[in-house]
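Each chain, written out:
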Amino acid sequence: MWTIEKHVYDKLPHPKVVVVGGGFAGLELIQHLAGKPYKVLLLDKQNHHCFQPLLYQVATASLGADSIGHPFRRTVGPMPNVAFRMAEVLRVLPDQKRVETNVGDFGYDILVLALGSTTNFFGNRQMAEVAMQLKSISQALDIRSDFLQEFERALVLQEEAELKRCLNFVIVGAGPTGVELAGALAEIRRTVLRNEYREMHSELMRIVLIDSNDRVLKNFSEKSSSNAGKYLKELGVELLLNKRVVSGDEDHITLDDGSILDTNTVIWAAGVKGVTIPGLEAGLNERASRFMVDRTNAIHGFKDIHVLGDMALMEEPAYPKGHPQVATVAIQQGRHLAKNLIRRAEGKEPLPFSYRDKGSMAVIGRRKAVVDIGQWNFGGTVAWLLWMLVHVAQLVGFRNRAVVLFNWGWKYLSWRNTIRLIVRPYVRKGTAVARPFVAVE
Ligand SMILES: Cc1cc2nc3c(=O)[nH]c(=O)nc-3n(C[C@H](O)[C@H](O)[C@H](O)COP(=O)(O)OP(=O)(O)OC[C@H]3O[C@@H](n4cnc5c(N)ncnc54)[C@H](O)[C@@H]3O)c2cc1C
């Protein structure tokens, strides 16, 4: 049988580092451990890295799935001391220094967990059942198919209430993901719906953005927050602030003031919580749903296990409640741990991690974005160009960068979201088939 044991990789005499999760943190770590005196095994339940900040563009038909995903095998192919296994980790057995996965167990000398986060419904079970999420490429493709299916369905519906419900898109959570998604849907209404669905009045489509805070982008400066709110209103997004979703089912949601919104599509972008994994309960902060780590990302109570990125809770003087769950933290922690592991191999002491905040940005639409960098807060075209530059530069792989740039250029010139094939129809939870088309004239 051909296994990594028969490969040159296994003959390496180095300690074995098992890295679980090839997201921002895990990928950065293995890239910096390539060619170093460690035998590295990357485990991920997917076969690709996903660039989550651009998921909303896949969901809104601006980019193809393959331009924001990158196969792990292409990354590790040229790295002789790194191997990859597609495996979902189910449990850690720290006493035996092994991880249990859906394809068997793997032993380690050093374990690094970087499994990211999942959607946080804050205990709202009904919404967890009916709302759509945006954490993976397949969920982004579901959202894309869903809104395209709703457009097609709206054209053959005759009952007004049903038609309105079908074209009412509700997004819960006005953080960067919710704001970017709402802005992109509003642009689709202004371009695609108006020009290509001529038999339907485009204003029938509503985009409602709900948040329990009194402003959108609450973690941004007040200026950027107010600019983003202004841009959204200009695009015709309805903002429902200081409101909380309390319940809902397949065709409506209820807010805390008792009002009801009829809708077929609710997208939940109201928060995330760290992935937890059985076996390490002693290091878990249950309330935060993150593992407590020291300044070297070593998990409290477990020797030789490190936790990085969204699932890690590290206190440092400037961040007494831990770092924000964003890609820059994950990348910097991945890079820092690689440096410390290299120091360890050289017999040196590890250095403590300090986060360098490089700022925040969100895009709302064509030439509409907001940027906060230190004391600088600005919006408009310059912010929009900077947003594009930063995101293209961070994408993994030259091909992906080229394809994304081409797609954005094409979209800018043509005013069209071009990737609008319903290849894999979205089937709602609890339904056996996609919603039937009725009342065809
Ligand atoms: C829609 C969206 C937009 C965002 N926009 C921004 C932005 O603009 N800027 C920003 O800084 N941050 C943004 N973020 C946050 C950012 O993506 C995360 O903070 C970052 O991805 C965290 O990196 P990570 O390495 O901890 O986890 P991830 O990047 O999430 O990677 C986790 C990896 O672990 C794998 N995995 C999970 N469970 C298992 C398991 N049991 N077994 C094996 N593998 C597993 C997953 O497949 C994945 O590859 C956004 C997030 C989302 C969802």
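### Description of the site of the ligand
Here comes step 1: Residues in close proximity to the ligand total 28 residues, the closest being A25, D44, Q52, V89 and D310.
Here comes step 2: Here V89 contributes a backbone N or O atom positioned 2.9 Å from a nitrogen atom of the ligand.
Here comes step 3: Within the side chain of D310, an N or O atom sits 2.8 Å from an oxygen atom of the ligand.
Here comes step 4: Out of a free accessible area of 1000 Å², the ligand has 88% covered by protein chains.

### Focus: empty space enclosed by the protein
Here comes step 1: Taken as a whole and judged by the stated rule, the model has 2 cavities of 30 Å³ or more.
Here comes step 2: Put simply, the largest cavity is a space of about 120 Å³.
Here comes step 3: Every residue along the wall of the largest cavity is listed here: E129, V130, M132, D249, E250, T263, N264, T265, V266, Y426, R428 and K429.
Here comes step 4: Elements supplying a minimum of two residues to the lining of the largest cavity: α4 (125-130) and β17 (265-268).
Here comes step 5: Within the lining of the largest cavity, the residues separate by chemical class into 4 nonpolar, 3 polar and 5 charged.

### Let's talk about the sheet that holds strand β20 (residues 290-293)
Here comes step 1: In space, the 3 strands of this open sheet follow the order β19-β20-β22, with mixed pairing throughout. On the outer flanks of this sheet lie β19 (284-285) and β22 (312-314), each paired with one strand and no other.
Here comes step 2: With 2 bridges connecting them, β19 and β20 associate as antiparallel partners. If you follow L284 over to β20, its bridge partner there is F291.

### A look at the pattern of salt bridges
Here comes step 1: Taken as a whole, this structure holds 19 salt bridges when the rule is applied.
Here comes step 2: The salt bridge partner of R91 is E100, with a shortest N-O separation of 4.0 Å.
Here comes step 3: The closest approach of N and O atoms between D304 and R344, which form a salt bridge, is 3.1 Å. Of this pair, D304 sits in the loop between β20 and β21 (305-307) while R344 sits in helix α9 (residues 327-345); the two residues are 40 residues apart in sequence, bridging distant segments of the chain.
Here comes step 4: Take R344: its relative accessible area is 40%, and that puts it in the partly exposed class.
Here comes step 5: Each of K97, K303, D304 and R344 takes part in a single network of salt bridges with overlapping partners.

### So, the packing of aromatic side chains
Here comes step 1: Under the counting rule described, the total for this entry stands at 10 aromatic pairs.
Here comes step 2: On the numbers, 5.5 Å between centres and 35° between planes, the contact of W387 with W408 is tilted. Pair noted here: W387 is in helix α10 (residues 381-394) and W408 is in helix α11 (residues 398-414), with a separation of 21 residues, a long-range link. Each of the two residues, W387 as well as W408, counts as buried.
Here comes step 3: Summarising the aromatic geometry, the rings of F406 and W410 are spaced 6.1 Å apart at their centres and angled 25° between planes, so their arrangement reads as stacked. Note that F406 and W410 are positioned in helix α11 at a spacing of 4 residues, about one turn of the helix.
Here comes step 4: Looking at W410, the relative accessible area reads 47%, which means it is partly exposed.
Here comes step 5: An aromatic cluster of three or more residues is present, and its members are F147, F151, F169 and Y197.
Here comes step 6: Looking at R366, its charged tip hangs above the ring of Y412, at a distance of 4.3 Å from the centre.

### A look at the nonpolar core
Here comes step 1: Ranked by internal contacts, the top residues of the largest apolar core, which has 92 residues, are L29, I68, F151 and L209.
Here comes step 2: The leading source of residues in this core is helix α7 (residues 176-196), at 9 residues.
Here comes step 3: If near-sequence neighbours (up to four positions away) are discounted, L209 is found in contact with I171, G173, A174, G178, V179, A182, V216, L232, V237, E238, L239 and L240.

### A short note on the side chain of H49
Here comes step 1: Residue placement: H49 occurs in strand β3 (residues 48-50).
Here comes step 2: When its relative accessible area of 3% is taken as the criterion, H49 is described as buried.
Here comes step 3: Within the structure, the side chain of H49 is placed 2.9 Å from the backbone oxygen of G22, a separation counted as a polar contact.
Here comes step 4: Once residues lying within four places of it in the same chain are set aside, the contact partners of H49 are G22, G23, F24, L27, I68, G69, H70, F72 and V396.

### Some remarks on helix α8 (residues 222-234)
Here comes step 1: Between the first and last C-alpha of α8 there are 18 Å, a value that for 13 residues agrees with the 18 Å anticipated at 1.5 Å per step.
Here comes step 2: Regarding α8, the residues found buried are S224, S225, N227, A228, G229, Y231 and L232.
Here comes step 3: Contact partners of the buried residues in α8: α7, β12 (206-211), β13 (238-241), β23 (360-365), β24 (368-373) and β25 (376-379).
Here comes step 4: Phi turns positive one or two residues past the end of α8, at G236, with a value near 85°.

### With respect to α11
Here comes step 1: Between its first and last C-alpha, α11 extends 24 Å over 17 residues, near the 24 Å set by a 1.5 Å rise per residue.
Here comes step 2: For α11, the full list of buried residues reads N400, V404, N407, W408 and K411. All buried residues of α11 lie within an arc of 95° about the axis, which places them on one face of the element. Opposite the packed face of α11, turned more than 90 degrees from it, sit the exposed residues F398, F406 and L413.
Here comes step 3: On its buried face, α11 sits against α2 (55-59), β4 (69-71), α7 and α10.
Here comes step 4: In the stretch just after α11, W415 is the one whose phi turns positive, near 60°.

### As for the sheet that holds strand β6 (residues 89-93)
Two strands in a sheet stick together by hydrogen bonds in their backbones, pointing the same way (parallel) or opposite ways (antiparallel).
Here comes step 1: Spatial strand order, β6-β7-β8: 3 strands in an open sheet with antiparallel pairing. Edge positions in the sheet fall to β6 and β8 (104-107), since each has one partner strand and no second. Between one strand and the next, the sheet's axes are offset by a mean angle of 25°, whatever the strand orientation.
Here comes step 2: In this structure, β6 lies alongside strand β7 (residues 98-101), joined through 4 bridges in antiparallel fashion. Residue V92 lies in a different strand from β7, and its bridge partner there is V99.

Rules behind the numbers
Residues numbered from 1 in each chain as written. Predicted model: local features only at pLDDT ≥ 70, side-chain atom pairs only at ≥ 80, totals over all residues. Heavy atoms only, no water. Near = heavy atom within 4 Å. Polar contact = N/O pair within 3.5 Å; in protein donor to acceptor, adjacent residues only side chain to side chain. Areas by Shrake-Rupley, 256 points an atom, 1.4 Å probe, with all protein chains shown as cover. 1 Å grid on protein atoms, 1.4 Å probe; cavity = no way out; pocket = protein on both sides within 12 Å on 5 of 7 lines; lining within 4 Å. Points joined across faces, edges and corners; volume = space filled by probe spheres on them. Helix = DSSP H or I, 4+ residues; strand = E, 2+ residues; numbered from the N terminus. Nonpolar A, V, L, I, M, F, W, Y, C, P; charged D, E, K, R; others polar. Pairing = 2+ DSSP bridges. Salt bridge = Lys/Arg side-chain N within 4 Å of Asp/Glu carboxyl O. Buried < 20%, exposed > 50% of the residue type's maximum accessible area, 1.4 Å probe, protein only. Phe/Tyr/Trp six-rings, centres within 6.5 Å; stacked < 30°, edge-to-face > 60°. Lys NZ or Arg CZ within 6 Å of the ring centre and 35° of its normal. Core = buried A, V, L, I, M, F, W, Y, C linked by side-chain atoms within 4.5 Å. Contact = heavy atoms within 4.5 Å. Expected span 1.5 Å × (residues − 1). Arc of directions from axis to C-beta. Axes fitted to C-alpha atoms, helices over the stretch in contact; angles between N-to-C directions.

Just geometry here; none of it tells us what the structure is for.
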